[in-house]
Number of protein chains: 2
Amino acid sequence: MAAPLPRAPVSSPASRAALCPARSNPCTAAAPSSGALGWRRRQPCPVLSIAPGSARSTPAALAVDPKVEALLDSVKWDVKGLAVAIAQNVDTGAILMQGFANKEALAATISTRKATFYSRSRSSLWTKGETSMNFINVHDIFLDCDRDSIIYLGTPDGPTCHTGAETCYYSSVYDALQGSKSNQERQVATTLYSLEDTISRRKEEIVTEGSGKPSWTKKLLLDNQLLCSKIRIFLC
Amino acid sequence: MAAPLPRAPVSSPASRAALCPARSNPCTAAAPSSGALGWRRRQPCPVLSIAPGSARSTPAALAVDPKVEALLDSVKWDVKGLAVAIAQNVDTGAILMQGFANKEALAATISTRKATFYSRSRSSLWTKGETSMNFINVHDIFLDCDRDSIIYLGTPDGPTCHTGAETCYYSSVYDALQGSKSNQERQVATTLYSLEDTISRRKEEIVTEGSGKPSWTKKLLLDNQLLCSKIRIFLC
């Protein structure tokens, strides 16, 4: 359960930003999606300038509202002042990347709505996208039942991985054990997106090969009435 | 990129299990889904008995194929011999829980296809579900670009959280800052599942309130022809 939070009045700009609905933030106003990958290019937001500090330091450089401060204190930071932070695509559900957050990183994410992490190698904060401009625009943040693991749920402006891949997870263990090399197109595929991929391939096959090779999906795609009757079964 | 793996012959039972497609494993044969939550109750599998050891110990108690051993060695385990392991629902994309894996835990997950972690508090392996029987049946495992973060992509047999919630992530930071208490029904909602929830609520409203309160979704649900024409726009 969440620790009770003091009902202090909302005063600081950081807190006001944290209390605004994500969609009403002009920096995160929806632009046309690029489709299946779930990217939405947005205008970059000025990112808060935060003084570097150790992972355990309090976010002194941010004007932190007491409510936000209480929430930050309720997180079970480890002995190094860190918690696991997972960035997830709000549209596709894809896990984009995983890093670590300290108090300052979480405070910055709450206020700027740009996924921000603590780099253990550089001992400093970093906002995903500060170099590539591929920010992850955070719609919501979740803590787990133990309050030591964080999800940044957001919309990426572009590929998240430094390799240019949509997400950092494209190396299947079972593929590797079968001798396949990792392939950035081989992203973690949940059922709906695997299905979408199959339907897209069947549509392409209709164009390139005609309807020669039998497939139930092709049959549905070529017969609107049959397709609608099937869809109605699922909807009703 | 994945480290090249030696092409040793497949010999051990553990490795054979690792190379079998998930769906062909009798322990993970599909049973009817319980719906939106994406649970599938399956027959429990006997879980490998693994001798307790430190997080850094090699999985000596498992007969590990050289291919699997090479893959385990390619993971960038931290100084404690651990990597972050995230369990994700293959159907809904929901992040179910996050723990840590050591070499033994990953080896056990590869061979048994039951999500297995290393408990830092108990200094031992634990397979999610060994007490509750709510196993997470692993379809695939992904490593990230740095090979220090793991996704177990699978189907949960039931709620994953020890509280009985579907996932461990039900505490929204922004809800808490607005004074709302955490609520296990308030799971991380990706766009498609938010949409599904809205459509379900509109359907319920039609039954309980009639079509009095205007809503575009209700209009579509009450007019099959209009609904089909809209769906065709998205499909074509």
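First things first, this report covers the structure right here in the doc. (Residues numbered from 1 in each chain as written. Chains lettered and ligands numbered in written order. Predicted model: local features only at pLDDT ≥ 70, side-chain atom pairs only at ≥ 80, totals over all residues. Heavy atoms only, no water.)

What follows covers the relation of the copies chain B and chain A. It takes a turn of 180 degrees to lay chain B on chain A, together with a shift of 0.0 Å along the axis; the resulting RMSD is 0.1 Å. Expressed as a symmetry operation, the mapping of one chain copy onto the other fits a two-fold axis. When C-alpha positions in chain B are compared against the rotation axis, the closest is assigned to B:Gly93, at 2.5 Å. A share of 100% of interface residues in chain B that are also interface residues in chain A marks the association as one of identical surfaces. (Least-squares fit on C-alpha atoms with pLDDT ≥ 70 in both. Contact = heavy atoms within 4.5 Å.)

Turning to the pattern of salt bridges, a few remarks are in order. According to the stated counting rule, one finds eight salt bridges over all chains in the structure shown. Put simply, A:Asp73 and A:Lys103 hold a salt bridge, and the shortest N to O gap is 2.5 Å. One end of the pair, A:Asp73, is in helix H2 (residues 66–74); the other, A:Lys103, is in helix H3 (residues 103–112), and 30 residues separate them in sequence. One salt bridge in this structure joins B:Glu69 and B:Lys103, with 3.4 Å as the shortest N-O distance. Linking B:Glu69 in helix H2 (residues 66–74) with B:Lys103 in helix H3 (residues 103–112), this pair joins segments that are 34 residues apart in sequence. What makes B:Lys103 buried here is its relative accessible area of 11%. (Salt bridge = Lys/Arg side-chain N within 4 Å of Asp/Glu carboxyl O. Helix = DSSP H or I, 4+ residues; strand = E, 2+ residues; numbered from the N terminus. Buried < 20%, exposed > 50% of the residue type's maximum accessible area, 1.4 Å probe, protein only.)

One pass over the full model with this rule turns up zero disulfides over all chains. With no disulfide of its own, A:Cys168 has B:Cys145 as its nearest cysteine by sulfur position, at a separation of 3.8 Å. Given a relative accessible area of 8%, A:Cys168 falls into the buried group. (Disulfide = S-S within 2.5 Å.)

A few words on the nonpolar core. A:Ile110, A:Tyr152, B:Ile110, B:Ile150 and B:Tyr152 are the most contacted members of the largest nonpolar core, which has 88 residues in total. Setting aside residues up to four positions removed in sequence, B:Ile150 forms contacts with A:Tyr169, B:Trp77, B:Ala83, B:Val84, B:Ala85, B:Ile86, B:Ala101, B:Leu106, B:Ile141, B:Phe142 and B:Leu143. (Core = buried A, V, L, I, M, F, W, Y, C linked by side-chain atoms within 4.5 Å.)

For the rest of this paragraph, the subject is the packing of aromatic side chains. For any two aromatic rings, the description comes down to two numbers: the centre-to-centre distance and the angle of the planes. Residues and elements named next belong to chain A. Under the definition given, this model contains four aromatic pairs over all chains. Measuring from centroid to centroid gives 5.4 Å for Phe-117 and Tyr-152, while their planes differ by 65 degrees, and the two rings are edge-to-face. Residue Phe-117 is found in strand E3 (residues 116–119), and its partner Tyr-152 is found in strand E6 (residues 149–156); the two are separated by 35 residues along the sequence. Judged on exposure class, the residue Phe-117 and its partner Tyr-152 are both buried. (Phe/Tyr/Trp six-rings, centres within 6.5 Å; stacked < 30°, edge-to-face > 60°.)

Turning our attention to the interface of chain B and chain A. In this assembly, 68 residues from chain B lie in contact with 68 residues from chain A. Of the roughly 6000 Å² buried between chain B and chain A on both sides combined, carbon and sulfur atoms contribute 64%. For the interface between chain B and chain A, the tally reads zero salt bridges. Per-element accounting of the side of chain B that touches chain A gives the leading share, seven residues, to strand E5 (residues 136–144) of chain B. For the side of chain B that touches chain A, the residue count by class is 39 nonpolar, 17 polar and 12 charged. One ladder, built from three bridges, connects strand E5 (residues 136–144) of chain A with strand E7 (residues 169–172) of chain B; its direction is antiparallel. Bridging from a neighbouring strand, A:Leu143 pairs with B:Ser171 of E7(B). (Buried area = accessible area lost by both parts, 1.4 Å probe. Nonpolar A, V, L, I, M, F, W, Y, C, P; charged D, E, K, R; others polar. Pairing = 2+ DSSP bridges.)

What follows is about the packing of H2(B) against H3(B). Residues and elements named next belong to chain B. Contact geometry for H2 and H3: axes closest at 10 Å, N-to-C directions at 135 degrees. Viewed along their axes, H2 and H3 adopt a mutual orientation that is oblique. Considering how the two elements wind past one another, H2 and H3 form a crossing that is right-handed. Contact with H2, carried on its side by Val-68, Glu-69, Leu-71, Leu-72 and Asp-73, involves Lys-103, Leu-106, Ala-107 and Ile-110 of H3 and no other residues of that element. When grouped by side-chain class, the residues that make up the contact of H2 with H3 number six nonpolar, no polar and three charged. (Axes fitted to C-alpha atoms, helices over the stretch in contact; angles between N-to-C directions. Parallel < 35°, antiparallel > 145°, perpendicular 65-115°, else oblique. Left-handed = near helix turned anticlockwise from the far one by under 90°.)

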